[in-house]
Amino acid sequence: MEGLRVLRGYLDRTEQEALLGEVLAAVEEAGWFRPRMPRSGRPFSVLMCNLGPLGWVSDERGYRYQPHHPETGRPWPPMPARLRVLWRELAGVPAEPECCLVNLYRPGARLGLHRDEDEETFAAPILSLSLGDAAVFRIGGRRRRDPTRRLVLESGDVVVMEGERRLAYHGIDRILAGTSDLLPGGGRLSLTLRRVRPFAERRG
Ligand code: MD6
Ligand code: FE
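Here's a quick rundown of the structure. For clarity, every value in this text was computed on a predicted model and none was experimentally measured.

1. Quick look at the side chain of Arg-64
For step 1, the next point in the chain: Looking at where Arg-64 falls in the secondary structure, it is placed in strand β4 (residues 62–66).
For step 2, the next point in the chain: A distance of 3.2 Å separates a polar atom in the side chain of Arg-64 from the backbone oxygen of Gly-62.
For step 3, the next point in the chain: The contact partners of Arg-64, leaving out residues within four places of it in the chain, are Gly-55, Trp-56, Val-57 and Asp-59.

2. Let's talk about the coordination of the iron ion (ligand 2)
For step 1, the next point in the chain: Looking at the iron ion (ligand 2), one finds its protein donor set to be His-114 (NE2), Asp-116 (OD) and His-170 (NE2), positioned 2.1 to 2.3 Å from the metal centre.
For step 2, the next point in the chain: Positions of the donor residues of the iron ion (ligand 2), expressed as sequence spacing, correspond to H-x1-D-x53-H. Highlighted residues: Asp-116 in the loop between β6 (111–114) and β7 (126–132) and His-170 in strand β11 (residues 170–176), separated in sequence by 54 residues. This pair shows no difference in class: Asp-116 is buried, exactly as His-170 is.

3. So, the environment of Leu-11
For step 1, the next point in the chain: Note that Leu-11 resides in the loop between β1 (4–7) and α1 (13–30).
For step 2, the next point in the chain: Placed 104 residues apart in sequence, Leu-11 and Arg-115 show a C-alpha to C-alpha distance of 26 Å.

4. A look at the site of ligand 1
For step 1, the next point in the chain: Near ligand 1 you find 14 residues, and of these Tyr-105, Ser-128, His-170, Arg-188 and Ser-190 are the closest.
For step 2, the next point in the chain: One nitrogen or oxygen atom from the side chain of Asp-116 is found 3.2 Å from a nitrogen atom belonging to ligand 1.
For step 3, the next point in the chain: For ligand 1, whose accessible area on its own is 340 Å², the fraction buried by protein is 99%.
For step 4, the next point in the chain: Residue assignment for the shell around ligand 1 shows that the elements contributing at least two residues are β5 (99–105), β6, β7, β11 and β12 (188–194).

5. Here's the deal with the pattern of salt bridges
For step 1, the next point in the chain: Using the criterion set out here, one finds 18 salt bridges in the structure.
For step 2, the next point in the chain: Notably, a salt bridge pairs Arg-194 with Asp-116, separated by 2.8 Å at the nearest N-O pair. Residue Arg-194 is found in strand β12, and its partner Asp-116 is found in the loop between β6 and β7; the two are separated by 78 residues along the sequence.
For step 3, the next point in the chain: Overall, the relative accessible area of 5% leaves Arg-194 in the buried class.
For step 4, the next point in the chain: Sharing partners across several salt bridges, the network here consists of Asp-116, Glu-119, Arg-166 and Arg-194.

Calculation notes
Residues numbered from 1 in each chain as written. Chains lettered and ligands numbered in written order. Predicted model: local features only at pLDDT ≥ 70, side-chain atom pairs only at ≥ 80, totals over all residues. Heavy atoms only, no water. Helix = DSSP H or I, 4+ residues; strand = E, 2+ residues; numbered from the N terminus. Polar contact = N/O pair within 3.5 Å; in protein donor to acceptor, adjacent residues only side chain to side chain. Contact = heavy atoms within 4.5 Å. Donors = N, O, S within 2.8 Å, 3.2 Å for Na, K, Ca; no water. Buried < 20%, exposed > 50% of the residue type's maximum accessible area, 1.4 Å probe, protein only. Near = heavy atom within 4 Å. Areas by Shrake-Rupley, 256 points an atom, 1.4 Å probe, with all protein chains shown as cover. Salt bridge = Lys/Arg side-chain N within 4 Å of Asp/Glu carboxyl O.

Laid out in structure tokens, this is it:
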């Protein structure tokens, strides 16, 4: 599929444990929040937190990026260095990532089909890293009615959405509970790395 790269087992178990430890320590200090749908206020089944200068949030007022946690008002924790390294290895743009959205799926949680379009630039790819239980990821095209395909993402896999696929519809259909023992208490954590603000693109 053009614009979609799936890098299986990009992180080995030792690297997954190290990264998970850093992310959970930061998030447990900052606190999880449960996003709500714009207007209806209906809660998501996924819990979220962010790392880095900007974080994605959603509530009755809409979707947006902001520098502080919606419940505590505190700045988001810094992005772990190894995530910035992952970005440098794979993103291929002369810009730093500004947001790592952390999604926590306990068994039964899902994420409906959506496009990541709240960023001010689409020139950088979005990278996502899966940790813990496997998940059924669904990806289509730029229009909601475009055909979709399902992929099982496992712990340590990285997905890169770029070019044509940067604005493709995608979501998480379900979590395959009990397929990994990485996460204490079970479930899946995904880390999505984004560039939010425009940057100077290098000229060839
Ligand atoms: C998830 N991922 O893996 C949800 N968005 O839990 C996303 O919504 C996503 O995997 C943009 C790019 C890649 C992704
Ligand atoms: Fe997304």
